[in-house]
Amino acid sequence: MQLKFPQGFLWGSATAAHQVEGNNINSDWWQWENSPQRISEIKKQNKNPEDYKSGIACDSYNRYEEDFDIAQSLNMNAQRISIEWARIEPFQGDFDEQQIEHYRKVLNAIKSRNMKTFVTLHHFTNPIWFSEIGGWKEQGNVIIFLRYAQKVLTELHELIDFVCVINEPNVYASNSYMRGYWPPQRTNFVLSQEVQKNMLQAHIKVFELCKISEWKLKVGTAHAFRFIQAKGALKIFEGVLKDFFYRSHLKKIEHFTDFYGVNYYSRMLFSFKAQFPFYEIETENETTDFGWEIFPDGLYEILKEIGLNKIPIFITENGIADSSDAKRKEFVSRHLAAVHKAIEKGINVQGYMYWSLLDNFEWAEGYTMKFGLVEIDRNNNLQRKLRPSAKYYSEVCKNNYLEMY
Ligand code: BGC
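Quick notes on the rules
All residue numbers refer to positions counted from 1 along the written sequence of the respective chain. For a predicted model such as this one, the threshold for reporting local features is a pLDDT of at least 70, and the threshold for listing and counting side-chain atom pairs is 80 or more; totals across whole chains, interfaces and linings nevertheless cover every residue. Values reported for side chains reflect all heavy atoms of the structure, with hydrogen atoms and water molecules removed beforehand. Put simply, DSSP H or I for four residues or longer makes a helix, DSSP E for two residues or longer makes a strand, and each gets a number counted from the N terminus. Restricting the calculation to C-alpha atoms gives the radius of gyration, and the globule rule supplies 2.2 Å times the number of residues raised to the power 0.38. Any residue under 20% of the maximum accessible area for its type is buried, any over 50% is exposed, and the rest in between are partly exposed; the area is computed with a 1.4 Å probe on protein chains only. Pairs of residues are marked as contacts when any of their non-hydrogen atoms sit within 4.5 Å. Surface accessibility follows the Shrake-Rupley procedure with a 1.4 Å probe radius. Residue values consider only the protein chains on display as shielding. Positive charges come from Lys and Arg, negative ones from Asp and Glu, while His and the chain ends are left out of the count. A charged residue contributes its charge at one atom only: NZ of Lys, CZ of Arg, CG of Asp or CD of Glu. Put simply, two rings from Phe, Tyr or Trp (the six-membered ring, in Trp's case) pair if the centres are within 6.5 Å, and we call them stacked under 30 degrees between planes, edge-to-face over 60, tilted for the rest. Counting as a charge over the ring demands two things of the Lys NZ or Arg CZ atom: a distance within 6 Å of the ring centre and an angle within 35 degrees of the ring normal. The nearness test applies per residue and asks whether one of its heavy atoms lies within 4 Å of the molecule or strand. We define a polar contact as two N or O atoms separated by no more than 3.5 Å, with the added condition that, inside protein, one atom must be a possible hydrogen donor and the other a possible acceptor, whereas residues neighbouring each other in sequence contribute only through side-chain atom pairs. Three classes are used, and their members are as follows: Ala, Val, Leu, Ile, Met, Phe, Trp, Tyr, Cys and Pro are nonpolar, Asp, Glu, Lys and Arg are charged, and the others, Gly among them, are polar. The way it works is a 1 Å grid over only the protein atoms, where trapped points that fit a 1.4 Å probe form a cavity and open points with protein on both sides within 12 Å along at least five of seven lines form a pocket, and then any residue with an atom within 4 Å of a point lines it. Grid points are joined across faces, edges and corners, and a volume is the space filled by probe spheres set on the points. Definition used in this section: a nonpolar core is a set of buried Ala, Val, Leu, Ile, Met, Phe, Trp, Tyr and Cys residues joined via side-chain atoms within 4.5 Å. Every axis in this analysis is a line fitted to C-alpha atoms, fitted for helices over the stretch in contact. Angles between the N-to-C directions lie between 0 and 180 degrees. When describing relative orientation, an angle under 35 degrees is termed roughly parallel and one over 145 degrees roughly antiparallel, while 65 to 115 degrees is termed roughly perpendicular and anything else oblique. The sense of a crossing depends on the near helix, which, turned anticlockwise from the far helix by less than a right angle, makes the crossing left-handed and, turned clockwise, makes it right-handed. Each reported salt bridge corresponds to a side-chain nitrogen of Lys or Arg within 4 Å of a carboxyl oxygen of Asp or Glu. One bridge is not enough; two strands pair if DSSP finds at least two bridges between them.

Draft legend 1. Geometry of the overall build of the chain. The helix and strand inventory of the chain stands at 14 helices and 13 strands. Over its C-alpha atoms the chain spans a radius of gyration of 20 Å, differing by no more than 12% from the 22 Å that the globule rule assigns to 405 residues. For the chain, the C-alpha atoms occupy an extent of roughly 55 × 55 × 50 Å along the three principal directions. Residue burial in the chain is summarised as follows: out of 405 residues, 60% are buried. In the chain, of all internal contacts separated by at least 6 residues, the share reaching a separation of at least 24 is 76%. Accessible surface computed for the chain: about 16700 Å², of which carbon and sulfur atoms make up 51%. Computed over 48 positive and 51 negative side-chain charges, the separation of the two mean positions in the chain equals 3 Å.

Draft legend 2. Representation of the packing of aromatic side chains. Per the counting criterion, the structure on display carries 46 aromatic pairs. An aromatic cluster is defined as three or more aromatic residues linked by ring pairs; in this entry it consists of Trp-29, Trp-32, Phe-124, Trp-182, Phe-361, Trp-363 and Tyr-367. When the ring centre of Tyr-367 is taken as origin, the NZ or CZ atom of Arg-378, which lies over that ring, is 3.7 Å away.

Draft legend 3. Fine view of the site of the ligand. Neighbouring the ligand are the residues Gln-19, His-123, Phe-124, Asn-167, Glu-168, Tyr-265, Trp-292, Glu-317, Trp-355, Glu-362, Trp-363 and Phe-371. Between Tyr-265 and the ligand, the recorded distance is 3.5 Å, taken from a side-chain N or O atom to an oxygen atom. The contact in question runs from an oxygen atom of the ligand to an N or O atom on the side chain of Trp-363, over 2.9 Å. For the ligand, the protein covers 94% of the area, taking 310 Å² as the surface of the free molecule. Considered class by class, the residues forming the shell around the ligand number six nonpolar, three polar and three charged.

Draft legend 4. Geometry of empty space enclosed by the protein. All told, the structure shown has three cavities of 30 Å³ or more when counted by the stated rule. Reported here for the largest cavity is a volume of approximately 160 Å³. If you trace the largest cavity, you find 17 residues lining it, with Thr-15, Val-20, Ser-60, Phe-68 and Ile-81 closest to the centre. Class assignment of the residues belonging to the lining of the largest cavity gives a composition of 11 nonpolar, four polar and two charged. Around the second largest cavity, the lining residues are Ile-166, Pro-169, Met-199, His-203, Thr-221, Ala-222, His-223 and His-249.

Draft legend 5. The arrangement of the nonpolar core in detail. One finds Leu-121, Trp-136, Phe-145 and Leu-303 to be the most contacted residues of the largest nonpolar core, which totals 118 residues. In contact with Leu-121, other than residues within four places in its own chain, are Ile-83, Phe-145, Tyr-148, Ala-149, Val-152, Leu-153, Val-163, Cys-164, Val-165 and Val-206. Counting 17 residues, the second-largest nonpolar core is a separate cluster that includes Ala-78, Phe-118, Phe-162 and Phe-259.

Draft legend 6. Geometry of the packing of helix α9 (residues 169-177) against helix α10 (residues 189-213). Look at α9 against α10: their axes get within 9 Å of each other, and the N-to-C directions meet at 150°. Here α10 runs roughly antiparallel to α9, going by the angle between their axes. Helix-helix and strand crossings are classified by hand; for α9 and α10 the assignment is right-handed. Note on element contacts: α10 touches α9 through Phe-189, Leu-191, Ser-192, Val-195, Gln-196 and Met-199, opposite Pro-169, Asn-170, Tyr-172, Ala-173 and Tyr-177.

Draft legend 7. Examining the packing of helix α6 (residues 97-111) against helix α8 (residues 142-156) more closely. Close contact between α6 and α8 brings their axes to 11 Å; oriented N to C, the two are set at 50°. Taken together, α6 and α8 sit at an angle that is classed as oblique. Crossing handedness for the pair α6 and α8: right-handed. Note on element contacts: α8 touches α6 through Lys-151, Glu-155 and Leu-156, opposite Glu-97, Ile-100, Tyr-103, Arg-104 and Leu-107.

Draft legend 8. Geometry of the layout of surface pockets. Within this model, the second largest pocket holds a volume of roughly 260 Å³. Lining of the second largest pocket is provided by 18 residues; of these, Asp-28, Gln-31, Ser-131, Pro-183 and Pro-184 occupy positions nearest its centre. For the lining of the second largest pocket, the secondary-structure elements that each account for two or more residues are α2 (28-33), α7 (128-132) and α9. Here the lining of the second largest pocket is composed, by residue class, of seven nonpolar, seven polar and four charged.

Draft legend 9. Local environment of the environment of Thr-288. Mapped onto the elements, Thr-288 comes out in the loop between β8 (279-282) and α12 (296-306). Under the relative-accessibility criterion, Thr-288 is labelled buried at 8%. For the pair Thr-288 and Met-369, spaced 81 residues apart in sequence, the C-alpha separation works out to 9.8 Å. Here Thr-288 is in contact with Ile-294, Ile-320 and Ala-321, once residues within four sequence places are set aside.

Draft legend 10. Broad picture of the side chain of Glu-168. Residue placement: Glu-168 occurs in the loop between β5 (162-167) and α9. Salt bridges are absent for the buried Glu-168, whose nearest opposite-charge side chain, Arg-80, sits at 6.6 Å. When near neighbours in sequence (up to four residues on either side) are disregarded, Glu-168 contacts Phe-124, Ala-222, His-223, Ala-224, Asn-263 and Glu-317.

Draft legend 11. Fine view of the pairing of strand β12 (residues 383-386). Pairing of strand β11 (residues 374-377) with β12, which is carried by four bridges, proceeds in the antiparallel orientation. Along β12, the bridge assignment pairs Ile-376 with Arg-384. The antiparallel pairing of β11 with β12 creates a hairpin that spans five residues between the two strands, and Asn-381 there sits at a positive phi of about 55°.

See the structure below:
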């Protein structure tokens with residue numbers, strides 16, 4: 001049986017600058033990865049600190065043509081990348097024109113291969129100076145981000161089809177300001193809410209800027225969605241949890257977005273436990289190398305819920321950490337079947353971007369998690385090697401249908 005996708009459906013993959021480009025030396029992440037404190041934390045866990053520094057990453061800053069050749073050879077017609085603020089504005093108010101030209105070349109390289117461009121303006125990293133003046137917890141700093149966005153979009157808007165203004169404000173706020181897991185390692189719930197609020201405000205301001213400027217590009221999000229379910233006594237909190245994780249966010253931007261970007265990886269199944277923090281996250285199905293439960297039905301449920309208001313939806317990320325590539329093909333096909341089912345129900349999904357094209361720097365997990373359709377051989381000059389699942393995905397991209405067995 002063939003599951004056909006609508007004509008013009010966008011098929012692609014996604015990456016982010018810090019994770020693939022290499023040598024992002026003016027960013028707060030680079031500073032953190034290389035800080036004595038982080039290195040000693042990693043050593044204490046008996047791990048090799050070198051695996052947890054982004055370093056040269058995939059060297060995509062220099063090898064982007066090669067990467068987009070691969071994407072093109074896999075029959076993709078869209079690419080999601082991010083532009084690195086720390087390169088564009090390495091010192092406050094000082095824009096580096098050479099870096100703008102670099103990204104002009106990058107975007108041209110995608111366009112000349114007949115692929116649409118999705119551009120994220122902020123994907124977890126900040127210039128060091130921005131963090132030093134308080135980063136996203138300061139409402140007054142929103143305008144500083146807006147100035148950067150205005151510069152980039154004024155220069156490059158003609159090469160951009162879709163802007164995902166800020167990647168996953170919910171994940172950034174939680175990992176950096178609530179869980180203390182990412183820089184600046186704060187553990188303050190109130191601050192994390194402030195950060196999210198400021199990021200949403202930045203999104204709205206960029207949306208308004210694009211509309212006033214009458215640029216043709218479409219402006220949207222890339223929000224992290226987990227399918228939320230709760231068991232037993234916690235069931236009554238399901239609605240509150242959904243509000244917290246995504247509903248309230250979507251509500252705030254629904255009049256300020258041309259599309260919803262959905263980043264979907266897994267389900268969060270809460271169950272009650274007797275001692276603090278009174279809940280745990282369970283898995284009932286197979287998991288990925290990351291330990292995340294594989295739960296494609298959750299993607300269908302989310303699309304059905306958020307698609308009701310007819311705002312176009314793109315899957316801006318969906319992927320699996322799977323070093324052996326044993327589960328990736330089935331992961332992709334089951335999630336695509338879920339997307340197809342949502343489309344059949346009238347949900348306006350217009351594209352799918354697999355995360356990620358390449359094995360890359362997986363934030364606090366460093367190089368240990370392998371999400372790529374393409375393996376990067378870190379012992380052999382970062383050689384790109386297609387995984388079998390890449391060939392499978394390329395067939396789907398070419399055919400615009402999914403073959404179900
Ligand atoms: C992020 C990516 C990350 C991926 C896998 C998403 O939350 O946008 O940067 O690599 O998840 O963890």
